[in-house]
Amino acid sequence: RLFREFLRQRARELPVDELCTLHQRAAEWFAHRESPTATIEHAVAAGDDDLALRTIKENFSAYGQAGRMPTARRWLETYGLDRCYEDPSLRLTAAWVALNVRHYDEVEHWLELPGAEEPTATYLAQAHAIRSHVARHLGRLAPALEHAERAVATVPDPDPDDLDWSFAHAALVVAEVIAGRPDPEAARAAVAMGQPRSNDASVATGYAGLAAAAATEPGGFDDADAYADQALSFVTSPTLERFHQPVVALLVKSSIALERGQVGDASAFADRSKAIASAASEPLLVIMACCRLARVAHAQGRSDEARRLLREADDLLDDVDAPSLGDLIRVTRNAVRFAPGGEDLPVELSDRERAVLGLLPHGLSRKELASQLFVSENTVKTHLTSL
């Protein structure tokens, strides 16, 4: 370290052009050895903006998927945040970074279009996907769904450039799962588009969405369990576990384990899902994890813990806007109402459940009930299970 500091001091005494030449040689040396951070630092010091920009753009995707967003932010700061605004792709990079380092107040600044710039389809899709993630992190489910749907609608069909559009479908998958209506079509698209490009984050999200959808189907537990395992197999980086990708798959596995009587496994999966969702600043997913843990606690005979978890979910619900999670809390509360000491938890029915209940004496089939209520058979099945 002493020798390094000695050399750096000597370098500072060199003429500017000679020092720039040394930085240029260093940048090219590090670029050849695929060390992006050092390459960018020396390229900027040498005034080689082209090499710095190329290095940022070539490496951001891999670092982002590995959850190394703070490192990517350091690259942008080294290059100069003011200069980043001049390049559309760097603005998107900065917006993704701001989202993932939880600087939500910066995101919209990076997504605003300067002057008369015409956005490309890729730009629009990414902007809507980023806004969907921000809305979800802030607990606003409706705009999260709206922006995710707009991102997917922007994807060209067919795509002449064959780009990786899996990010748009992945954003929709998470929002739909939270809304209680997992979309297997979006989930399959996230997997199909992300896998050839090694986009582990999108693929993990897609398989988790398929797991959530399969878990709602009669006899779908085996498929759901397999999909959830596939989702978790793509969470290969420890840093990726700080983001939302594993949470849905873990919740599905907890649900299946509880149904199979594997209460210990159900508890472990649910605990892990709540810890990750909390670390990832995902309040909507934390509410889902609280409800899952409440069911596990009820199955273990820990009624006080079940009620505590439901109170925690209720408290979180006060700060978010997600009616579907209010329904989830109510259904969970009904499910644990027979726990010892749980007499203070009355049965609560939604308007739709009352409508189903009113039609049951007429002997209608599930299909006929769905037709009467203008909903899907799966929705009727969910209401009947709750009743």
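Preceding this paragraph is the structure being described.
Bear in mind that the values here come from a model prediction, so they are computed numbers and not experimental data.

**Student:** I would appreciate a short explanation of the packing of helix H20 (residues 351-359) against helix H22 (residues 377-386) in the present structure.
**Tutor:** A pair of packed helices can be characterised by two numbers: the angle between their axes and the separation between those axes. Two elements in contact, H20 and H22, have axes separated by 10 Å at closest approach and are oriented at 85 degrees. The angle between H20 and H22 places the two elements in the roughly perpendicular class. The segment H20 lies against H22, with Arg352, Glu353 and Val356 engaging His383, Leu384 and Ser386. Classifying every residue of the contact of H20 with H22 by side-chain character gives two nonpolar, two polar and two charged.

**Student:** Would you mind showing me how to read the nonpolar core here?
**Tutor:** Considering soluble globular proteins, one finds that nonpolar side chains tend to be buried as a cluster. Formed by 96 residues in total, the largest nonpolar core has its most connected members in Ile130, Ile178 and Val252. Element by element, the count of residues in this core is highest for helix H17 (residues 283-299), at eleven residues. The residues contacting Val252, other than those within four sequence positions of it, are Ala211, Ala212, Ala215, Ala224 and Ala228.

**Student:** Looking at this structure, I do not really get the packing of helix H15 (residues 245-259) against helix H16 (residues 263-279). What am I missing?
**Tutor:** Interaxial distance between H15 and H16 falls to 8 Å at its minimum, and their mutual angle equals 160 degrees. The orientation of H15 relative to H16 falls into the category roughly antiparallel. Of the two elements, H15 crosses H16, and the hand of that crossing is left-handed. Here Pro246, Val247, Leu250, Leu251, Lys253, Ser254, Ala257 and Leu258 of H15 come into contact with H16, specifically with Val263, Asp265, Ala266, Phe269, Ala270, Arg272, Ser273, Ile276 and Ala277. Here the contact of H15 with H16 is composed, by residue class, of twelve nonpolar, two polar and three charged.

Calculation criteria
- Sequence order sets the numbering: in each chain, residues are counted from 1 along the sequence as written.
- Residues qualify for local features only when their pLDDT is at least 70, as the model is predicted, and side-chain atom pairs are given and counted only at 80 or more; totals for whole chains, interfaces and linings, by contrast, use all residues.
- Note that water and hydrogens are dropped before the side-chain values are worked out from all heavy atoms of the structure.
- Every angle, taken between N-to-C directions, lies between 0 and 180 degrees, and every axis is a line fitted to C-alpha atoms, over only the stretch in contact when it is a helix.
- Helix and strand definitions here come from DSSP, where helices need a minimum of 4 consecutive H or I residues and strands a minimum of 2 consecutive E residues; each element is numbered from the N-terminal end.
- By definition in this entry, angles of less than 35 degrees are roughly parallel, angles greater than 145 are roughly antiparallel, angles of 65 to 115 are roughly perpendicular, and the rest are oblique.
- The contact rule is simple, with two residues in contact once any of their heavy atoms fall within 4.5 Å.
- The nonpolar class holds Ala, Val, Leu, Ile, Met, Phe, Trp, Tyr, Cys and Pro. Asp, Glu, Lys and Arg form the charged class, and all remaining residues, Gly among them, are polar.
- Side-chain atoms within 4.5 Å are what join buried Ala, Val, Leu, Ile, Met, Phe, Trp, Tyr and Cys residues into a set we call a nonpolar core.
- We call a residue buried when its accessible area falls under 20% of the maximum for its residue type, exposed when it is over 50%, and partly exposed in between, using a 1.4 Å probe and counting protein chains only.
- Each crossing gets its hand from how the near helix is turned against the far one by less than a right angle, where anticlockwise is left-handed and clockwise is right-handed.

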